Amino acid sequence: MRGRFALRSVALGYLTLLLVLPVGFVFLKTFEHGVGAAWDSVTTPAARHAFWLTIELVAIAVPLCTLFGVVAAIAIVRRRWRGRALFNALLDIPFAVSPVVIGLALLLVYGRLGWFGDWLAQNGLRIVFAFPGMLLATIFVSLPFVARETIPVLREVGTEQEQAAATLGAGPFQTFWRVTLPAIRWGVAYGVVLTTARALGEFGAVSVVSGHIAGQTETLTLHVEDRVEAFDLTGAYAAALVLALIALLTLLSMNLLRRKEAV
Amino acid sequence: MTGIVVSDVSKSFGDFVAVDDISLTVPDGSLTALLGPSGSGKSTLLRMIAGLEEPGAGQIVIGGADVTRTPARKREIGFVFQHYAAFKHMTVRDNVAFGLEIRRADRAKIRSRVDELLRLVHLEAYAKRYPSQLSGGQRQRMALARALAVEPRVLLLDEPFGALDATVRRDLRAWLRRLHDEVSVTTILVTHDQEEAMEVAGQIVVMNGGRIEQVGSPRELYEAPANDFVAGFVGPVTELAGSKLRPHDVDIRIDPVDGAMEAQVRRVTHLGFEVRVELEAGDGRRLWAQLTREEAEQLELMDGQIVYVRASRRMPVALA
Ligand SMILES: Nc1ncnc2c1ncn2[C@@H]1O[C@H](COP(=O)(O)OP(=O)(O)O)[C@@H](O)[C@H]1O
Ligand SMILES: [Mg+2]
């Protein structure tokens, strides 16, 4: 009894120090000069643009990462092919390499002086310092989550249900939609939540390839930095709070979905 | 005609030969058991017939058509797995309806067919439950209903009762037998339990080490086993004067008779209706006899007593 209480206190204390206190502080700071001031600073043209740009990036990057993650997980767990182990190892590169390095790598490949720089310029395509580059950076840094969350679930579920579906006449696609996907859905869903959080919060890689043009290539995280540098702390805190709220909303909606299903 | 003909089929996993050049005929409408110890290749053979495993060599014919290269989903088989393989996220009704939905049967037809099957497996009251809310026996009945719903040409069962406790097993076995009499779809049952095979199947295929040891009716296997392995696998064996016999064919006499050998009673064990007598024969070899309670009561055997034993019936084939 006593031991459990102590353990719980340590866990809660730890959580408070590391999470609740800082986030709570951001919350307080945001409304330091009143709700009106906070509202004004998240509705400036630059802030609104940053908000919608972030939403756009997430809305495109997350589905692509999810699709890739599920396909990659199936390829790793269910198929036997040469290079499978290598692929599995390479999958973690975005986790292993610093986002700044990823951003620089994108510059090297797609930048004006990069490998495809001439070709892209000749065809009037702009990747770096524009939306496509930021999208690439966002996808790259959040790529492994869905696969990493799905792989263990896929292993755990096993192949018997899929085999049963096959003996009942189901083709590969029917089996996937009706049997495999429902069986791994919570692994995928958790991967989606992590992917979303990562895509929302990405700073380093996007920072390198965006060029920081306010109202054009500035995401919410970059906007926060921009506000800090302009000594507009209310603006910075308010934008940070918006980021936190979107992440919280994602987590919450997954939990609600899950609860609804459990009933 | 939906008999199954397996010709010269082999399957290896790496260097290991799991099924070694097997040929087998399963008559149309029969209930055939594949019986053998664990690891003898029964599941591998069954899974090749189902199309879940590809043979390394040989041919598989179902209902006159060569299906060796046909994928499982086109073989029109029903398969039941040892661990049910229930679709966990679907209700019992949806599990049973799965094959019909895949075939795009119309709603009304699916409904009535599923109702019919739920009645057949006594799960009408459980249609809306999820597999996790069923007992093992109920889950396996659901899996059977699911396999039967699409009217398969053959039904393949891989140790379907293996994960269930003894009483449920016994009930389901009897139920399967009756079901087969009713539906009479060609059925192969894999089991390592000789009692189960004997009770349910009309034809038993005894497997060992990836090969077939003998094919026959339960009685043929019991009374005329082709070799030591089969003899020992389908029932107990003991030895008297160099020949093998079933322990219930050991004839114990108090007084000497022609052709009987002197023996000393070592131990008498009462097992309900059966009494087991361990003996040491005059030649120093141990043997044991199985008596009914009545026989034992008449003989009034005691430990250390000298008796005379002979074989009332030997197994017809000279066993190695
Ligand atoms: N997928 C597989 N990979 C490697 N070995 C296997 C595989 N499936 C079965 N085996 C081996 O083949 C042998 C026969 O297996 P199985 O057919 O399952 O036997 P049974 O069903 O009679 O117990 C076993 O020794 C088993 O280890
Ligand atoms: Mg087996």
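Structure: above.
About the thresholds
- Residues numbered from 1 in each chain as written.
- Chains lettered and ligands numbered in written order.
- Predicted model: local features only at pLDDT ≥ 70, side-chain atom pairs only at ≥ 80, totals over all residues.
- Heavy atoms only, no water.
- Helix = DSSP H or I, 4+ residues; strand = E, 2+ residues; numbered from the N terminus.
- Buried < 20%, exposed > 50% of the residue type's maximum accessible area, 1.4 Å probe, protein only.
- Contact = heavy atoms within 4.5 Å.
- Areas by Shrake-Rupley, 256 points an atom, 1.4 Å probe, with all protein chains shown as cover.
- Lys, Arg positive; Asp, Glu negative; His and termini not counted.
- Charge placed at Lys NZ, Arg CZ, Asp CG, Glu CD.
- Buried area = accessible area lost by both parts, 1.4 Å probe.
- Salt bridge = Lys/Arg side-chain N within 4 Å of Asp/Glu carboxyl O.
- Polar contact = N/O pair within 3.5 Å; in protein donor to acceptor, adjacent residues only side chain to side chain.
- Nonpolar A, V, L, I, M, F, W, Y, C, P; charged D, E, K, R; others polar.
- Core = buried A, V, L, I, M, F, W, Y, C linked by side-chain atoms within 4.5 Å.
- Axes fitted to C-alpha atoms, helices over the stretch in contact; angles between N-to-C directions.
- Parallel < 35°, antiparallel > 145°, perpendicular 65-115°, else oblique.
- Left-handed = near helix turned anticlockwise from the far one by under 90°.

Novice: I keep staring at the overall build of chain B and nothing clicks. Help me out?
Specialist: A tally of regular secondary structure across chain B gives nine helices and 17 strands. With respect to the principal axes defined by its C-alpha atoms, chain B has extents near 75 × 45 × 35 Å. Buried residues in chain B amount to 49% of all 320 residues. Sequence-distant contacts in chain B: of pairs separated by 6 or more residues, those separated by 24 or more amount to 63%. On chain B, roughly 14900 Å² of surface is accessible, and the fraction owed to carbon and sulfur atoms is 47%. Within chain B, the 45 negative side-chain charges are centred at a point lying 9 Å from the centre of the 41 positive side-chain charges.

Novice: Explain the interface of chain B and chain A here, please?
Specialist: Interfaces are often sized by the accessible area lost when the parts come together. With 22 residues of chain B at the interface, the matching set in chain A holds 17 residues. Interface area for chain B against chain A, summed over the two sides, is near 1700 Å², with a carbon-plus-sulfur share of 62%. Taken as a group, R73, H89 and I102 of chain B account for 33% of the area that chain B buries against chain A, more than any other trio of residues on that side. Applying the counting rule to chain B against chain A returns zero salt bridges. In this assembly, chain B and chain A are joined by four residue pairs in polar contact (both at pLDDT 80 or more). Broken down by secondary-structure element, the contributors of at least two residues to the side of chain B that touches chain A are β6 (77–80), α2 (92–102) and α4 (136–149) of chain B. When residues of the side of chain B that touches chain A are assigned to their parent elements, the largest contribution, four residues, is made by α2 of chain B. Looking at the side of chain B that touches chain A, its residues break down into 12 nonpolar, three polar and seven charged.

Novice: Help me understand the pattern of salt bridges, please; the structure alone is not making it clear to me.
Specialist: Side-chain pairs of opposite charge can arise where the charged atoms are in close proximity. Residues and elements named next belong to chain B. With the rule as written, the count across this model stands at 31 salt bridges over all chains. For E101, the salt bridge is made with R107, and the minimal N-O distance between the two is 3.8 Å. The exposure class assigned to E101 is partly exposed, which follows from its relative accessible area of 26%. Relative accessible area serves as the criterion here: at 64%, R107 is assigned to the exposed category. A salt bridge links E223 to R313; its shortest N-O distance comes to 3.7 Å. Here E223, found in helix α7 (residues 218–223), pairs with R313, found in the segment after β17 (306–311); they are 90 residues apart in sequence, far enough to count as distant. Overall, the relative accessible area of 46% leaves R313 in the partly exposed class.

Novice: Looking at this model, I keep getting lost on the side chain of E196 of chain B. Mind explaining?
Specialist: Residues and elements named next belong to chain B. Relative to the assigned elements, E196 resides in helix α6 (residues 194–200). A polar atom in the side chain of E196 sits 3.2 Å from the side chain of T191. Discounting chain neighbours no more than four positions away, the residues touching E196 are F161, R169, R173, L189 and T191.

Novice: Any chance you could explain helix α13 (residues 220–229) of chain A here in plain terms?
Specialist: For an α-helix the count is 3.6 residues per turn, leaving residues at separations of three or four pointing the same way. Of all the residues in α13 of chain A, the buried ones are L220, T221, L222, H223 and V224 of chain A. Immediately beyond the C-terminal end of α13 of chain A, within one or two residues, lies F231 of chain A, with a positive phi of roughly 60°.

Novice: When you look at the nonpolar core in this model, what are you seeing that I'm missing?
Specialist: One broad trend across soluble globular proteins is that nonpolar side chains are buried collectively. Counting residues in each nonpolar core, the largest one holds 45 residues, and the members touching the most others are V96 and I204 of chain B. At seven residues, α4 of chain B tops the list of elements feeding residues into this core. Ranked by size, the runner-up nonpolar core spans 38 residues in total, among them A170 of chain A together with V26, F87 and M90 of chain B.

Novice: Any chance you could explain the packing of α2 of chain B against α4 of chain B here in plain terms?
Specialist: Two quantities define a packed helix pair, namely the angle between the axes and the distance from one axis to the other. Residue and element names in this part refer to chain B. Viewed as axis vectors pointing N to C, α2 and α4 meet at an angle of 25°, and their least axial separation amounts to 7 Å. When the interaxial angle is binned, α2 and α4 end up roughly parallel. Viewed along their axes, α2 and α4 form a crossing whose handedness is right-handed. Residues V92, N95, V96 and L100 of α2 lie in contact with α4, whose contacting residues are M142, A145, R146 and A149. Tallied by class, residues from the contact of α2 with α4 come to six nonpolar, one polar and one charged.

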